[in-house]
Amino acid sequence: VVCILLMKTKARDKVKNFLVKLFPPLRRITEKLSAARIASMLSLILSSGFPMETALEMAPAALTDQDSIDKVGQISQGMRDGETFSDALSNSHLFADFHNWMIKVAAASGHEPQVMGKVAELYEEQVEDGLTGYLFSSGDAVSLAECMNRALESDNSVITANAAQFIKTLDWDSLSRKLGEII
């Protein structure tokens, strides 16, 4: 309740950062949402005929977290320093390695806008799965099988470790101390 009230004050950004640090799954969802926004915006701008440099200048307008804004700045700086877009993107660690590879192939074939759109869709799906879990249609065995495969292929060891770490922080003294730092 206190966090919800504080979200309505000037301390909003501090509260948001606190919650993201406190709940590792929320941090991962936030990172994937930012990656989806960046990929979607770059896809739209590039498909409109703008050069990559212009697209990167416009991308921060769609972002809400400073870390992602900094990563876009790092990509821009890398390109000014002579790196290719795909190399600068890879060095920023904004996207997963597989997505960076997809974009590198797209750059070589001139299909960056289309692949950026696909990368955005993939991250949006991961955000949805992170918020809702794995959903499937009732009576649809194929959909159920796909959800089961995704759950089995996911890295549950990281989730388990993060959950154990989070449980260790669940005492009122440390929680109230951290909230006191925000206020």
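Residues numbered from 1 in each chain as written. Predicted model: local features only at pLDDT ≥ 70, side-chain atom pairs only at ≥ 80, totals over all residues. Heavy atoms only, no water.

(A) Main features of a nonpolar patch on the surface. On the surface, Phe98, Trp101 and Val105 cluster together into a nonpolar patch covering about 340 Å² of accessible area. Counting through the fold element by element, valine 105 comes out in helix H7 (residues 97-109). (Patch = residues over 30% accessible without salt bridge, like charges linked within 9 Å, V, L, I, M, F, W, Y side chains within 5 Å. Areas by Shrake-Rupley, 256 points an atom, 1.4 Å probe, with all protein chains shown as cover. Salt bridge = Lys/Arg side-chain N within 4 Å of Asp/Glu carboxyl O. Helix = DSSP H or I, 4+ residues; strand = E, 2+ residues; numbered from the N terminus.)

(B) Representation of the nonpolar core in the model. Among the nonpolar cores identified, the biggest contains 28 residues, and Leu42, Phe85 and Phe95 are the most heavily contacted of them. Broken down by secondary-structure element, the contributors of at least two residues to this core are helix H3 (24-47), helix H4 (52-58), helix H5 (66-80), helix H6 (85-92), H7 and helix H8 (112-132). When residues of this core are assigned to their parent elements, the largest contribution, 7 residues, is made by H3. For leucine 42, the residues in contact, after removing those within four places along its chain, are Met52, Ala55, Leu56, Phe85 and Met116. (Core = buried A, V, L, I, M, F, W, Y, C linked by side-chain atoms within 4.5 Å. Buried < 20%, exposed > 50% of the residue type's maximum accessible area, 1.4 Å probe, protein only. Contact = heavy atoms within 4.5 Å.)

(C) Local environment of H6. If you check which residues of H6 are buried, you get Phe85, Ser86, Ala88, Leu89 and Ser92. For H6, the angular spread of the buried residues around the axis is 165°, confining them to a single face. Looking one or two places after H6, you find histidine 93, whose phi comes out positive at around 60°. (Arc of directions from axis to C-beta.)

(D) A look at the pattern of salt bridges. Tallied over the entire structure, the rule returns 3 salt bridges. A salt bridge links aspartate 67 to lysine 71; its shortest N-O distance comes to 3.7 Å. In this pair, aspartate 67 and lysine 71 are both assigned in helix H5, 4 residues apart and thus about one turn of the helix distant. Using a relative accessible area of 18% as the deciding quantity, one classes lysine 71 as buried. One salt bridge connects glutamate 121 with lysine 118, and the closest N-O pair in it is separated by 3.9 Å. Pair noted here: glutamate 121 and lysine 118 are both in helix H8, with a separation of 3 residues, about one helical turn. Residue classification places glutamate 121 among the partly exposed residues on the basis of a relative accessible area of 46%. On the accessibility criterion, lysine 118 (40% relative accessible area) is partly exposed.

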